[in-house]
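# Commentary on secondary and tertiary structure
These are the residues of each chain, in order.
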Amino acid sequence: MKYEPIAIEEKWQKKWEQDKSFKVTKDPHKKKYYLLEMFPYPSGKIHIGHVRNYTIGDVVARYKRMRGFNVLHPMGWDSFGMPAENAAIEHKIHPAKWTYENISHMRKQLKRMGFSYDWDREIATCDPKYYRWEQLFFIWMYEKGLAYKKRSSVNFCTKCDTVLANEQVEGGLCWRCGTEVTEKVLDQWFFKITAYINELLEYCDKLPGWPERVMTMQKNWIGKSYGCEVDFPMANGKGAIKVFTTRQDTLFGATFMLIAAEHPLVMELAKGKPCESNVRSFVEKVKKQDKLMRTSEYYEKEGLFLDSYCKNPLTGREMPIYAANFVLADYGTGCVMAVPTHDQRDFEFAKKFNLPLIVVISPKDRTLDPATMTEAYVDEGILVNSGQFDGMENTKVLEAIADFLESQGKGRRTIQYRLRDWGISRQRYWGAPIPMINCDKCGIVPVKEEDLPVVLPENVVFSPEGGSPLAALPEFVNTVCPSCGGKASRETDTMDTFVESSWYFDRYCCPDYDEKPGLDRRTLDYWMPVDQYIGGIEHAILHLLYSRFYTKVLRDFGVIGVDEPFTNLLTQGMVCKETMKCPEHGYLFPEQATDGKCHICRKDVIIGKTEKMSKSLKNVIDPDDLIQRYGADTARIFCLFASPPEKDLEWSSQGVDGSFRFLSRLWRIIDDYLEDIKTVSAPPKEALSAQGDLKALRRKTHQTIRKVTMDIEDRFHFNTAISAVMELVNTLYAVERPAKNDRNALAVIREALESAVLLLAPIVPHITEELWQIMGNQISVAEMPWPDFDPAIASEEEMTIVIQINGKLRSRMTVPVDEDGEKIKADAQADEKIVAMLKDATIVKVIYVPKKLVNIVIKP
RNA sequence: GCGAGAGUGGCGGAAUUGGCAGACGCACUGGACUUAGGAUCCAGCCCGCCCAAGCGGUUAGGGGUUCAAGUCCCCUCUCUCGCACCA
């Protein structure tokens with residue numbers, strides 16, 4: 001019988017579906033395990049990255065199930081977002097239709113991969129039954145001041161025609177389409193993520209199951225820094241400029257003041273002065289420059305004197321005030337004290353405008369001369385020119401100066417963060433409506449809870465010019481004020497889709513719960529938190545930080561009982577493949593480059609570097625093709641075998657062949673033995689005393705169970721787990737075939753074959769179900785307990801001891817495992833080869849590393 | 001520039017705690033079976049000298065600690081990722 005993957009896979013998938021094999025319910029008597037993979041955006045088809053991500057997750061889910069856990073393994077759709085709307089504009093198809101069609105196709109594809117989801121828990125975030133609760137939470141957040149509206153300058157992508165959060169701007173470009181981000185002033189809704197900033201930061205050290213890398217990225221993103229807010233009084237006696245600094249140790253060296261060009265204070269100071277019009281054009285210029293600035297490597301430091309002065313609060317020295325292009329308006333106070341001697345940016349600025357330099361930190365080994373300095377001195381040193389603080393170390397004086405400022409009322413300790421509040425307003429249609437109403441009389445009023453959900457209307461008009469289609473729909477906009485009953489208008493912004501993905505894992509616990517607040521606390525207390533979350537590193541900041549924040553908000557509403565949503569996080573690597581390029585015709589698909597020549601011009605094809613699979617590089621693999629040719633099991637095992645999950649995976653079609661060959665090899669050896677082993681059962685644990693080859697096979701079987709269990713349990717290293725089973729299969733091929741009536745020997749064979757099948761069951765579920773069944777087992781392999789190993793059988797009776805002289809391998813010997821250490825040392829020195837080499841040498845010492853080696857240290 | 005991670009055969013990768021470097025797979029070579037082989041099975045396969053046995057070398061490069069280093073420490077180089085005027 002031949003291995004026919006397609007027929008087998010479809011057979012078992014049908015059975016799993018009919019039996020609802022992976023349906024799960026709360027069971028207080030069983031230990032729960034919540035395994036979650038990041039849900040996909042329904043873009044149309046699954047790609048190979050999904051295949052890898054979901055395969056990793058499925059192996060863990062199936063493994064934990066075999067280990068007796070009550071496993072929650074759900075799947076759903078992150079189904080709001082721009083591509084649906086773009087499709088509406090381009091192809092005149094409604095976003096809802098487009099989305100649901102994509103979902104139904106992708107659901108089929110996922111089922112065809114054999115993933116063990118509880119499909120009864122499937123959710124789509126664009127379903128009003130889902131987002132109505134999100135609208136409820138929004139109202140609660142509004143009532144608690146955690147959601148607020150603010151007129152603000154925002155990042156705006158002209159192509160997507162929408163606002164972007166800071167986190168969604170990458171190097172000055174839109175994270176999604178790569179268009180340059182511009183600035184726009186709009187009324188925007190924000191979530192007050194900064195209210196939880198300290199808890200978000202503190203828990204970074206309380207999540208040992210997260211990769212260090214991700215935690216570091218989040219910490220940097222939050223960007224907490226300790227410093228002082230210092231008041232610099234205006235020279236004309238009218239008010240003071242507040243400044244944030246982490247370097248109050250350099251305060252005595254501050255010789256001028258810098259203000260962000262966009263800061264309102266700039267125009268205030270220039271008002272009515274001769275420089276006013278110059279300042280205005282400078283500010284306009286900087287505002288335009290701002291977009292371009294971020295994309296260039298280094299930009300010229302520019303500034304303009306505002307014809308104003310303030311005073312250094314400690315020295316009383318007059319400091320000229322400049323507007324500058326390199327000062328950030330939204331960090332600290334938007335004003336910076338400039339210390340040109342100890343800050344490189346200030347140094348460059350001072351040189352350009354010929355401003356005074358005062359050294360206040362002196363290195364220990366030399367003296368600095370302001371006249372000859374070519375760059376700022378930014379290292380540690382001793383304070384000079386700093387009044388009563390002279391002679392102190394700069395790192396130690398920070399506290400003393402902070403105390404002094406506070407005692408004088410000239411400043412106070414403060415903490416600054418890089419993280420801003422989360423702007424969630426989007427001027428788009430395909431998103432969850434923000435449940436707010438604007439009333440001329442009452443202002444902003446929330447929709448009444450009983451009137452939720454605010455359902456997204458279907459009959460909207462899309463135009464390529466953008467703008468919100470909702471705002472153009474009077475029957476949606478026009479409403480009555482819930483408070484006074486007068487005429488009012490609805491909020492037409494929709495929520496950032498990251499809001500939906502911030503709590504979908506909660507909803508999976510009770511997807512049909514339709515009582516307020518949409519989450520059943522008792523059920524969530526059983527399932528939450530997610531024990532293992534798996535997804536791409538690209539979500540290290542955005543999605544994961546927002547989800548952590550939202551979890552804390554819901555916790556404080558009493559809706560859930562956990563502080564953090566994800567106990568363990570695995571970030572899998574990208575799927576990459578080599579690229580092929582013709583010097584004339586650009587990137588080529590593999591089939592366009594036969595024999596290394598371009599299919600059009602026959603020029604030699606250049607094999608490019610290995611890059612993340614993408615359509616434009618023509619190096620993608622279509623999962624459908626893969627399944628058609630090899631079946632889902634081969635796709636699954638290759639994804640796991642080619643590299644450990646957290647590393648990038650380099651696609652190799654020959655590697656896929658190899659994986660298919662292995663499955664065929666497994667199939668064939670069981671098929672070969674089938675008649676002989678049908679009526680024997682696996683050997684009882686101790687009873688059987690096999691000899692020679694068979695004894696070695698039994699040992700190998702138990703060692704393999706041990707290794708595979710450890711590789712999966714401790715570190716998710718499926719690649720080494722698979723190679724261990726390959727070794728077992730190789731051993732089986734090498735064993736001399738026992739006679740048909742040698743039931744003891746056949747029992748050992750059967751044990752090895754069954755173990756291989758059980759160990760591979762989470763990885764390649766279809767072929768193992770089939771093999772398990774044809775071997776005569778009644779119960780589905782997915783329901784079998786994970787095999788145990790017997791340490792006694794797994795342990796070797798003999799061991800190879802390496803003999804080294806001065807650390808170099810010189811000989812080997814085989815001894816019983818329980819051999820005495822002293823005897824081994826003596827035997828090593830008596831070894832034939834060793835004796836010859838020790839002839840004229842003095843033995844300095846002999847080291848025995850138990851079960852490993854003997855090292856003889858000699859002098860010639 | 002700052003931070004993190006990585007660098008091992010022709011290739012993907014293994015070596016879990018400082019203890020035989022190169023498991024497993026791919027590619028390649030040879031053999032068997034065969035009308036045939038892009039099927040299957042068996043064998044070989046880090047590099048150099050050598051028919052061989054054997055000897056020497058080898059984990060980006062250099063130095064160090066140690067009886068012993070791919071693994072620990074220091075320096076240099078290369079690559080990847082993240083942040084990047086954050087005062």
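Here goes a summary of the coordinates provided. (Residues numbered from 1 in each chain as written. Chains lettered and ligands numbered in written order. Predicted model: local features only at pLDDT ≥ 70, side-chain atom pairs only at ≥ 80, totals over all residues. Heavy atoms only, no water.)

### Considering the overall build of chain A
When its secondary structure is counted, chain A shows 26 helices and 35 strands. In terms of principal-axis extent, the alpha carbons of chain A reach across some 110 × 85 × 65 Å. Counting across all 860 residues of chain A, residues that qualify as buried make up 54%. Within chain A, counting contacts between residues at least 6 apart in sequence, those at least 24 apart form 72% of the total. Here chain A has roughly 39,000 Å² of accessible surface; of this, 50% comes from carbon and sulfur atoms. Here chain A contributes 114 positively and 122 negatively charged side chains, and the mean placements of these two sets differ by 1 Å. (Helix = DSSP H or I, 4+ residues; strand = E, 2+ residues; numbered from the N terminus. Buried < 20%, exposed > 50% of the residue type's maximum accessible area, 1.4 Å probe, protein only. Contact = heavy atoms within 4.5 Å. Areas by Shrake-Rupley, 256 points an atom, 1.4 Å probe, with all protein chains shown as cover. Lys, Arg positive; Asp, Glu negative; His and termini not counted. Charge placed at Lys NZ, Arg CZ, Asp CG, Glu CD.)

### Side note on the pairing of strand E28 (residues 575-582)
When you tally the buried positions in E28, you get six out of eight residues, the bulk of the element. As judged from the two bridges shared by E28 and strand E31 (residues 649-650), these two strands associate in the parallel manner. Bridging across to E31, Val575 finds its partner in Leu649. Relative to strand E30 (residues 606-612), E28 is paired through five bridges, and the arrangement is antiparallel. Counted as the bridge partner of Lys581 is Ile606 from E30. Of the pairings in the sheet, the one linking E28 to strand E29 (residues 586-587) comprises two bridges and is antiparallel in character. For Lys581, the partnering residue across the bridge sits in E29 and is Tyr587. (Pairing = 2+ DSSP bridges.)

### Details of unusual backbone geometry
Cis geometry marks the peptide bond from Leu452 to Pro453, where omega comes out at 0°. Structurally, the position occupied by Pro453 is in the loop between strand E22 (443-446) and helix H12 (474-477). The omega torsion across Met528 and Pro529 is 0°, close enough to zero to call that bond cis.

### A short note on the sheet that holds strand E2 (residues 70-72)
Where strands meet in a sheet, backbone hydrogen bonds hold them as pairs that are either parallel or antiparallel. If you walk across this open sheet you meet the four strands as E2-E1-E26-E27, and the pairing is parallel. Both edges of this open sheet fall to E2 and strand E27 (566-572), since each of them pairs with a single strand only. The sheet shows a mean angle of 20° between the axes of neighbouring strands, taken without regard to direction. Pairing of strand E26 (residues 530-536) with E27 involves six bridges; the strand directions are parallel. Within E27, the position partnered with Val530 by the bridge is Phe566. Each of strand E1 (32-37), E2, E26 and E27 is contacted by helix H2 (residues 48-66), which is oriented at about 175° to E1, the strand it contacts most. (Axes fitted to C-alpha atoms, helices over the stretch in contact; angles between N-to-C directions.)

### A closer look at the pairing of strand E24 (residues 487-490)
In this sheet, E24 lies alongside strand E21 (residues 436-439) in antiparallel orientation, the contact comprising three bridges. Within E24, the position partnered with Cys439 by the bridge is Ala488. When strand E23 (residues 478-480) meets E24, the two strands line up antiparallel, connected through three bridges. The residue bridging Val480 from the neighbouring strand is Lys487, located in E24. Between the antiparallel neighbours E23 and E24 lie six residues, among them Gly485 with a positive phi of about 80°.

### Overview of the environment of Trp503
Its place among the elements puts Trp503 in the loop between helix H13 (497-500) and helix H14 (504-507). When the C-alpha atoms of Trp503 and Thr551 are compared, they prove to be 7.2 Å apart, with 48 residues separating the residues in sequence. Apart from the residues within four sequence positions on either side, Trp503 is in contact with Tyr130, Trp133, Glu134, Phe137, Leu519, Tyr550 and Leu554.

### Considering the nonpolar core
Most often, soluble globular proteins keep nonpolar side chains buried together rather than apart. Counting residues in hydrophobic clusters, the biggest one holds 123 residues, and the most contacted among them are Tyr34, Phe191, Tyr504 and Trp651. Ranked by residues supplied to this core, first place goes to helix H5 (residues 128-143) with nine residues. Membership of the second largest hydrophobic core comes to 68 residues, among which are Leu35, Ile534, Ala745 and Leu760. (Core = buried A, V, L, I, M, F, W, Y, C linked by side-chain atoms within 4.5 Å.)

### A word on helix H25 (residues 821-830)
The complete set of buried residues in H25 reads Gly821, Ile824 and Ala828. With its buried residues spanning 55° around the axis, H25 presents them on a single face. Residues of H25 that are exposed and angled more than 90 degrees away from the buried face: Glu822 and Ala830. Contact partners of the buried residues in H25: strand E32 (798-805), strand E33 (808-816), helix H26 (832-838), strand E34 (842-849) and strand E35 (853-859). Its side-chain oxygen at 3.1 Å from the backbone nitrogen of Glu822, Asp820 defines the N-terminal cap of H25. (Arc of directions from axis to C-beta. Polar contact = N/O pair within 3.5 Å; in protein donor to acceptor, adjacent residues only side chain to side chain.)

### Quick look at the packing of helix H3 (residues 82-91) against helix H4 (residues 95-112)
Across the interface, H3 lies against H4 with an axial gap of 8 Å and an inter-helix angle of 120°. For the element pair H3 / H4, the angle class is oblique. When you trace H3 past H4, the crossing you get is right-handed. Along its contact with H3, which presents Pro83, Ala84, Glu85, Ala87 and Ala88, the element H4 presents Pro95, Trp98 and Thr99. (Parallel < 35°, antiparallel > 145°, perpendicular 65-115°, else oblique. Left-handed = near helix turned anticlockwise from the far one by under 90°.)

### Let's talk about the sheet that holds strand E18 (residues 411-416)
Spatial ordering of the open sheet is given by E11-E10-E18, a layout of three strands whose pairing is antiparallel. Every interior strand has two partners, whereas the edge strands, strand E11 (240-245) and E18, have only one. Neighbour-to-neighbour, the strand axes of this sheet turn through a mean angle of 30°, independent of strand direction. Pairing analysis gives six bridges linking strand E10 (residues 225-233) to E18, with the strands arranged antiparallel. Opposite Gly227, over in E18, you have Thr414 as the bridge partner.

### Overview of the packing of aromatic side chains
For the structure shown, the criterion picks out 47 aromatic pairs. Between Tyr630 and Phe660, the aromatic rings sit 5.7 Å apart at their centres with planes inclined by 65°, giving edge-to-face as the arrangement. On the criterion of sequence distance, the pair formed by Tyr630 in helix H17 (residues 623-630) and Phe660 in helix H19 (residues 653-677) is long-range, its members being 30 residues apart. Under the relative-accessibility criterion, Tyr630 is labelled buried at 8%. When its relative accessible area of 23% is taken as the criterion, Phe660 is described as partly exposed. An aromatic cluster is built from Phe138, Tyr142, Trp189, Phe191, Tyr196, Trp422, Phe498, Tyr546 and Phe549, whose rings are joined through pairwise contacts. (Phe/Tyr/Trp six-rings, centres within 6.5 Å; stacked < 30°, edge-to-face > 60°.)

### Some details on H17
Listed in full, the buried residues belonging to H17 are Pro623, Leu626, Ile627 and Tyr630. Down the axis of H17, the buried side of the element spans an arc of 95°, and every buried residue falls inside it. Exposed residues pointing more than 90 degrees away from the buried face of H17 are listed as Gln628 and Arg629. On its buried face, H17 is in contact with helix H1 (5-19), H2, H4, helix H18 (632-641) and H19. At the N-terminal end of H17, a side-chain oxygen is found 3.0 Å from the backbone nitrogen of Asp624, two or three residues along, and the residue is Asp622. Following H17 by one or two positions, Gly631 has its phi on the positive side, about 95°.

### A closer look at the environment of Gly596
Looking at the secondary structure, you find Gly596 in the loop between E29 and E30. Here Gly596 falls in the partly exposed class, since its relative accessible area comes to 33%. Linking Gly596 and Lys581, residues 15 residues apart in sequence, is a C-alpha distance of 10.0 Å.

### Side note on the pattern of salt bridges
If you walk through the whole model with that rule in mind, you get 54 salt bridges. Between Lys285 and Glu302 there is a salt bridge, with its nearest N and O atoms 2.7 Å apart. Of the two residues, Lys285 sits in helix H9 (residues 276-295) while Glu302 sits in the loop between H9 and strand E13 (303-311), which places them 17 residues apart along the sequence. Classification of Lys285 as partly exposed rests on a relative accessible area of 44%. The closest approach of N and O atoms between Asp525 and Arg521, which form a salt bridge, is 3.0 Å. Of this pair, Asp525 and Arg521 both sit in helix H15 (residues 521-527), four residues apart, which is roughly one turn of that helix. (Salt bridge = Lys/Arg side-chain N within 4 Å of Asp/Glu carboxyl O.)

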